[in-house]
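Listed here are the chains, written in short residue letters.
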Amino acid sequence: MKKSLLTTVALALSLTLGAQTDSIALDEIVVTGSRVAADARLLPMTVTVIGRDVLASSHSSSVLPVVMEQVPALTVTSRAVMGYGVSTGAAGGINMRGISGGAGQLLVLIDGMPQYNGIFGHPISDSYMTMMTERVEVLRGPASVLYGSNAMGGVINIVTRGMATDGVKTDLNVGAGSYGTFNAEATLAARHGGFSATASAHYGRSDNHRPRMGFEQYGGYASVGYDLSAYWKTRLVADVTHFNASYPGSTSASLYDADQYITRGVVSAAVENHYEHIGGAFTVFSNFGRHKIDDGTTDTAQPTQRYFRSKDALTGVSLYQTVHASTTTDVTAGVDFVHIYGNAYYTSKATGEVIDTPNKQSGRSYRNEVAVYAKARQGVCKWLSVDAGLRMDHHSITGTEWIPQAGLVVAPRDNGEVKLSVSKGFRNPTMREMYLYPPSNEQLEPERIMNYELSWHHRPGKLRYGVNLFYLNGDNMIQTVERKNVNTGKIENCGMECDARYRINNHWTLTTNHAFLHMEHPVIAAPQYKGFVGAQFDSRRWHVRSGLQVIAGLFTAVGENETKENFCLLNIAADYAVAKSVTLWLTGDNLLAQRYEYNSGYPMPRATFMAGVKLSF
């Protein structure tokens, strides 16, 4: 298998025509890791930036497939052409360095605000749509000082779209392909003086490659902004998506009528200030969801008589301010408050009657979290800066947690820097773990890890590259032992990540990234090796991108029945501008027709294709 992997990599390097680029732009201004706009070179942690052009050229309705290609050590599980789903048999688990977003240990943000299911604590992957996204910033390693619980493995920050210049712009994108897959979206953006607005609508559906695995999704996004002055501006954002998903069970245990009806949304309002030496924001936000799930039945059993239903909301307030005391000194301080609400219950299919959920609080629960934090960067000399932060996070049930972070940035030359960081991450137990179903335990404590990281980033001429070494150690991991949730698990991972980009000329760009992971205690969906190689070709009319992703040692089962997957995925995306405002596009995934699976018993499709047209005017 290793020989075939190496052979395929070499073949792909010689045949590859394109790959999404600009994934590592170390001199790009980012907000993740600092709350306010900052030069990524000055941050002690590593932030990967994936721009709008990269996302749009993928022609994927979800941002996650592109993020997986571009970020070393990040894996997103999948099960079909379209749709991750929720509940049993779902995919969309996000894993970073062996720490799983499916367990709520990796945080997804939208414009810096936390987004996860209030009852189960994990991200809802079908909510993160390309149509609303300007760029994605991914911070590897704990970010709990700034973002609190669930950011123990890292954060994915989705920065939403806006209009930067005066005018009106309309984009229409329609495509269809394998297994009855159809995708369409429309976006209208406008700006006049200090007023700006963006509105998008999306519809997608697929039969997928297995019977009883259909998926349908529709939703919309809108934002309105107004510049009150040269220093103050306001913004309102709303995004709602609904999807209907079915799953057929695993290949060894078929299910019927296993259907999910999910609505997720987020709304936020912000007031921002940007002066020469200070900047900050006050934001009110709410992430909410409504879930209706039929767990399905086998072909020999009686149909289920009830639906599982849940309502949840994550509502909060964020206030922070940064002072740029000098060109070498920054101080950020902030306050966060989050109210997390959840209500889980059953209803009768026949009558709609509410049936209590077997838990300790009649299916309804809430909790509050309040935190204060401060973070400072001080330039000691021209080539050395020190970064430190501390957060005090109080949970209404588990109590107070202190989270420190420290780092150094050493820049012995103008185009390169060494970074060293030590940071703590934590995750508070979820409502499900504390209250829902018999394994629940009200005495659970937060999970905790410590992460140690050393990296080198260099930009000699047309080449950009970076190398990261990390070691993380954690305890208090929540596990189910003898039908009870307890803080007994441990985690100890180490690894290396590297990435590079080389711009050959105005037409050709090469990219690659690789991650090696060793886990003392293996977890599902974490590969021992993940790599990506590719290139991009751009001309006046043609834009062709392709890349090979290699995954080896992906755990699909652990313990006594440990199993691993090894596979290579060759993908391509090509655009041709037939006119100024008309572009034809074609994508192909898994062109090597590999047999593989992320979730045990849920094989992925062989080669699939999509084609469509994009109108811009």
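None of these values were measured; they are calculated from a predicted model.

Colleague: Looking at this model, I keep getting lost on the overall build of the protein. Mind explaining?
Modeller: Within the protein, the secondary structure is distributed over five helices and 35 strands. Taken along the three principal axes of its C-alpha coordinates, the protein extends 70 × 55 × 55 Å. Counting the 617 residues in the protein, one finds 55% classified as buried. A separation threshold of at least 6 residues defines the contact pool for the protein, and within that pool the share at least 24 residues apart is 61%. Of the side-chain charges in the protein, 54 are positive and 53 negative, and the distance between the mean point of each set is 3 Å.

Colleague: Even after reading the chapter, I still don't get the sheet that holds strand β5 (residues 94-96), so can you show me in this structure?
Modeller: With antiparallel pairing, three strands are arranged side by side in an open sheet as β4-β5-β6. The open sheet has two edge strands with one neighbour each: β4 (74-76) and β6 (99-100). Two elements, β4 and β5, share three bridges in a ladder whose sense is antiparallel. The residue of β5 that forms the bridge with Val76 is Ile94.

Colleague: Hey, could you run me through the nonpolar core in this one?
Modeller: One recurring pattern in soluble globular proteins is that nonpolar side chains are buried together. Among the nonpolar cores identified, the biggest contains 36 residues, and Ile50, Leu74, Ile94, Val136, Val138, Ile156 and Tyr598 are the most heavily contacted of them. Apart from residues lying up to four places away in sequence, Ile50 is in contact with Leu55, Val66, Val67, Gln70, Val71, Arg135 and Val136. One finds Tyr116, Ala151, Tyr320 and Ile340 within the second-largest nonpolar core, a separate group that totals 29 residues.

Colleague: Is there a simple way to think about the sheet that holds strand β7 (residues 107-110) in this case?
Modeller: What holds strands together in a sheet is hydrogen bonding between their backbones, with the strands either parallel or antiparallel. The five strands are arranged β3-β9-β10-β7-β8 in an open sheet whose pairing can be described as mixed. The open sheet terminates on both sides in strands that have one partner only, identified here as β3 (47-50) and β8 (113-115). Along the sheet, successive strands turn relative to each other by an average axial angle of 25°, direction set aside. In this sheet, strand β9 (residues 133-140) lies alongside β3 in antiparallel orientation, the contact comprising four bridges. Within β9, the position partnered with Val49 by the bridge is Glu137.

Colleague: It is not clear to me how the pairing of strand β25 (residues 399-413) should be interpreted in this structure. Could you clarify?
Modeller: Moving residue by residue along a regular strand, the side chains alternate between the two faces of the sheet. With twelve bridges connecting them, strand β24 (residues 384-395) and β25 associate as antiparallel partners. Paired with Asp387 across the two strands is Gly407, which belongs to β25. Here β24 hands over to β25 after three residues, the two strands then running antiparallel side by side. Pairing of β25 with strand β26 (residues 416-427) involves seven bridges; the strand directions are antiparallel. Within the sheet, the bridge partner assigned to Val409 lies in β26 and is Lys419.

Colleague: Honestly, the confidence of the model for the protein in this entry has me stumped. Any pointers?
Modeller: Predicted coordinates in regions of low pLDDT should not be interpreted in detail. Looking at the protein, the pLDDT average stands at 90 and 94% of residues meet or exceed 70. Ranking the elements of the protein by mean pLDDT puts helix α1 (residues 2-15) last with 40 and strand β34 (residues 582-589) first with 97. In the predicted structure, residues 1-27 sits below a pLDDT of 50 and forms 77 contacts with residues beyond four places in sequence or in another chain.

Colleague: Before we go on, may I ask you to explain the environment of Ser34 in this structure?
Modeller: Note on placement: Ser34 falls in the loop between β1 (29-30) and β2 (38-39). With relative accessibility at 7%, the residue Ser34 sits in the buried group. Once residues within four sequence positions are removed from consideration, Ser34 is found in contact with Leu43, Leu146 and Thr332.

Colleague: Any chance you could explain the pattern of salt bridges here in plain terms?
Modeller: Oppositely charged side chains are able to pair whenever their charged atoms sit close together. In this structure the tally under the stated criterion is 25 salt bridges. Among the ionic pairs, Arg235 bridges to Asp111, the shortest N-O distance being 3.8 Å. Of this pair, Arg235 sits in strand β15 (residues 232-246) while Asp111 sits in the loop between β7 and β8, and the two are 124 residues apart along the sequence. One salt bridge connects Glu447 with Arg427, and the closest N-O pair in it is separated by 2.9 Å. Note that Glu447 is positioned in strand β27 (residues 447-458) and Arg427 in strand β26, a separation of 20 residues in sequence.

Colleague: So what exactly am I meant to see when it comes to the side chain of Arg210 here?
Modeller: Relative to the assigned elements, Arg210 resides in the loop between β13 (195-206) and β14 (215-227). The side chain of Arg210 sits in the buried core without any salt bridge; Glu597 is the nearest counter-charge, 7.8 Å away. Setting aside residues no more than four positions away along its own chain, Arg210 makes contact with Pro248, Gly249, Ser250, Thr251, Gly601, Tyr602 and Pro603.

Colleague: For this particular structure, what's the right way to read empty space enclosed by the protein?
Modeller: Take a probe with the size of a water molecule and roll it over the atoms, and the empty space left behind shows itself. Enumeration over the complete set of coordinates arrives at nine cavities of 30 Å³ or more. Here the largest cavity is characterised by a volume of approximately 960 Å³. Forming the boundary of the largest cavity are 48 residues, of which Ser60, Pro65, Val81, Asn571 and Asp589 lie nearest the centre. For the lining of the largest cavity, the elements supplying multiple residues, two or more each, are α3 (64-70), β12 (181-192), β14, β32 (542-557), β33 (563-579), β34 and β35 (608-616). In terms of residue count, the dominant contributor to the lining of the largest cavity is α3 (five residues). Tallied by class, residues from the lining of the largest cavity come to 21 nonpolar, 22 polar and five charged. In this model, the second largest cavity occupies a volume close to 220 Å³. As for the second largest cavity, its lining consists of 22 residues, and the residues nearest its centre are Pro114, Tyr147, Asp336, Val338 and Arg391. For the lining of the second largest cavity, the secondary structure elements donating two or more residues are β7, β8, β20 (306-326), β21 (329-348), β23 (364-381) and β24. Residue composition of the lining of the second largest cavity, by class: 13 nonpolar, four polar and five charged.

Colleague: Help me understand the packing of aromatic side chains, please; the structure alone is not making it clear to me.
Modeller: How two aromatic rings sit relative to each other is given by the distance of their centres and the angle of their planes. The final tally for this structure, using the stated rule, is 13 aromatic pairs. Taken together, a centroid distance of 6.4 Å and an interplanar angle of 80° make the contact between Trp232 and Tyr275 edge-to-face. Remark: Tyr275 occurs in the loop between β18 (259-274) and β19 (278-293) and Trp232 occurs in strand β15; sequence separation between them is 43 residues. Judged by relative accessible area, Trp232 falls into the partly exposed class, the value being 33%. Taken together, Phe120, Phe308 and Tyr346 form an aromatic cluster joined through their ring pairs. The aromatic ring of Phe470 is capped on one face by Arg97, whose charged end is 4.3 Å from the ring centroid. Over the ring of Tyr307 we find Lys292; its NZ or CZ atom is 4.4 Å from the centre of that ring.

Cut-offs applied
Residues numbered from 1 in each chain as written. Predicted model: local features only at pLDDT ≥ 70, side-chain atom pairs only at ≥ 80, totals over all residues. Heavy atoms only, no water. Helix = DSSP H or I, 4+ residues; strand = E, 2+ residues; numbered from the N terminus. Buried < 20%, exposed > 50% of the residue type's maximum accessible area, 1.4 Å probe, protein only. Contact = heavy atoms within 4.5 Å. Lys, Arg positive; Asp, Glu negative; His and termini not counted. Charge placed at Lys NZ, Arg CZ, Asp CG, Glu CD. Pairing = 2+ DSSP bridges. Core = buried A, V, L, I, M, F, W, Y, C linked by side-chain atoms within 4.5 Å. Axes fitted to C-alpha atoms, helices over the stretch in contact; angles between N-to-C directions. pLDDT = per-residue confidence, 0-100. Salt bridge = Lys/Arg side-chain N within 4 Å of Asp/Glu carboxyl O. 1 Å grid on protein atoms, 1.4 Å probe; cavity = no way out; pocket = protein on both sides within 12 Å on 5 of 7 lines; lining within 4 Å. Points joined across faces, edges and corners; volume = space filled by probe spheres on them. Nonpolar A, V, L, I, M, F, W, Y, C, P; charged D, E, K, R; others polar. Phe/Tyr/Trp six-rings, centres within 6.5 Å; stacked < 30°, edge-to-face > 60°. Lys NZ or Arg CZ within 6 Å of the ring centre and 35° of its normal.

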